[in-house]
Amino acid sequence: MYSKIFALIIIFSLLIVIPSGNAQLSLANKADQKSIQITINSINDIKVKHIVRSSSVPVSVDLMEGTISELNVMDENKNEVEFGIIGENQQVIIFPTKNNSIVRYNLENIFLQKDGMNSINIKYEQLVSIITPKDVNLVFVNEIAILLDGEKGINCHGCDITLHYFENDERILQKIYWEDEEFYIEIYTDSEINDFNFSQQSKSVNFNIEDKNKFIAILLPLELLWDPYQIFLDDKKIKFQ
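Please read all numbers here as calculations on a predicted model, not as lab measurements. (Residues numbered from 1 in each chain as written. Predicted model: local features only at pLDDT ≥ 70, side-chain atom pairs only at ≥ 80, totals over all residues. Heavy atoms only, no water.)

1. Here we look at the side chain of Asn118
No. 1: With respect to the helices and strands, Asn118 occurs in strand E11 (residues 117-124).
No. 2: Within polar-contact distance, the side chain of Asn118 engages the side chain of Gln113 at 3.2 Å.
No. 3: If near-sequence neighbours (up to four positions away) are discounted, Asn118 is found in contact with Ile43, Phe111, Leu112, Gln113, Leu163, His164, Tyr165 and Glu167. (Helix = DSSP H or I, 4+ residues; strand = E, 2+ residues; numbered from the N terminus. Polar contact = N/O pair within 3.5 Å; in protein donor to acceptor, adjacent residues only side chain to side chain. Contact = heavy atoms within 4.5 Å.)

Rendered as structure tokens:
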């Protein structure tokens, strides 16, 4: 059960006392949140879960930015919890409970797709666990590459990030040999890769990219690299991580 909270007289009174600015008004104390989790199954299926500790007074929970649907609040025993909504799904007020509460909702219309890359902005002041799609192995957080390597996702504290990952996370594997040892170079891109070549004599890896302005990630085994080493796009040195 929930109700829209209309507190025009109270809010109007507060506005008279509080100077204008960016202050956010709330009718309750901030909730003590046990955990916050975003699960990205696909760009059209993003689920958010807040676990809120029990409280003897009303508490408020800020919701993630985006289009929110299927919002519900239940306790750990799957019983309905009385709550109210502030604004356009900006905040939930949970009335006193004896058990922990679970706030669930879907997030929609928050993805940007470009050049085979999915991007999502996530901003929240507390610790957030971000569960990525099962087939995603490589993500970029504010353009910093993170190899998940079997992990379900990442944690973000005081979260203000842009998360990128390839829409189709298929690796191009190139097998090479060095001193009778076998190595794999992994290339992530939605562009076509041609003329791949590993030269032992020049200690270099070369390949051609068929499309312009495409995002490409290359994972090279450190055993193949000798300091100092450089990466070039055509004849221009470029930054790498």
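Still more to cover.
2. Description of the pattern of salt bridges
No. 1: Enumeration according to the criterion identifies four salt bridges in this entry.
No. 2: The salt bridge partner of Lys30 is Asp62, with a shortest N-O separation of 2.3 Å. Of this pair, Lys30 sits in strand E2 (residues 29-30) while Asp62 sits in strand E5 (residues 59-62), placing them 32 residues apart in sequence.
No. 3: Using a relative accessible area of 46% as the deciding quantity, one classes Lys30 as partly exposed. (Salt bridge = Lys/Arg side-chain N within 4 Å of Asp/Glu carboxyl O. Buried < 20%, exposed > 50% of the residue type's maximum accessible area, 1.4 Å probe, protein only.)

3. Quick word on the pairing of strand E8 (residues 91-94)
No. 1: Taking every second residue as pointing to the same face, both faces of E8 are buried, with Gln91 and Ile93 on one and Val92 and Ile94 on the other.
No. 2: Bridge analysis of E5 against E8 gives four bridges, and the strand direction is antiparallel. Paired with Asp62 across the bridge in E8 is Gln91.
No. 3: With four bridges joining them, strand E7 (residues 83-86) and E8 adopt antiparallel strand pairing. What sits directly across from Phe83, in E8, is Ile94.
No. 4: The turn joining E7 and E8, which pair antiparallel and follow one another in sequence, is formed by four residues; a positive phi near 65° is taken by Gly87. (Pairing = 2+ DSSP bridges.)

4. What about the packing of aromatic side chains?
No. 1: In total, this model carries five aromatic pairs according to the counting rule given.
No. 2: Seen from their ring centres, Phe140 and Phe166 are 6.5 Å apart, and the 80° between their planes marks the pair as edge-to-face. Of this pair, Phe140 sits in strand E13 (residues 138-141) while Phe166 is found in strand E16 (residues 159-166), placing the two residues 26 residues apart along the sequence.
No. 3: According to the relative accessible area criterion, Phe140 is buried, its value standing at 6%.
No. 4: Ring geometry for Trp178 against Phe198: centres 6.2 Å apart, planes inclined by 75°, an arrangement best described as edge-to-face. Here the residue Trp178 occupies a position in strand E17 (residues 171-178), and Phe198 occupies one in strand E19 (residues 193-199), the gap between them amounting to 20 residues. For the residue pair Trp178 and Phe198, the accessibility class agrees, reading buried in each case.
No. 5: Three or more aromatic residues joined by ring pairs make a cluster, and in this case those are Phe140, Phe166 and Tyr188. (Phe/Tyr/Trp six-rings, centres within 6.5 Å; stacked < 30°, edge-to-face > 60°.)

5. Regarding the sheet that holds strand E18 (residues 181-188)
No. 1: Within the open sheet, the three strands sit side by side as E17-E18-E21. Their pairing is antiparallel. The strands lining the two open edges of the sheet, one partner per strand, are E17 and strand E21 (217-219). Pairwise comparison of adjacent strand axes, ignoring direction, gives a mean angle of 20° for this sheet.
No. 2: Pairing analysis gives three bridges linking E18 to E21, with the strands arranged antiparallel. Paired with Ile187 across the bridge in E21 is Ile218. (Axes fitted to C-alpha atoms, helices over the stretch in contact; angles between N-to-C directions.)

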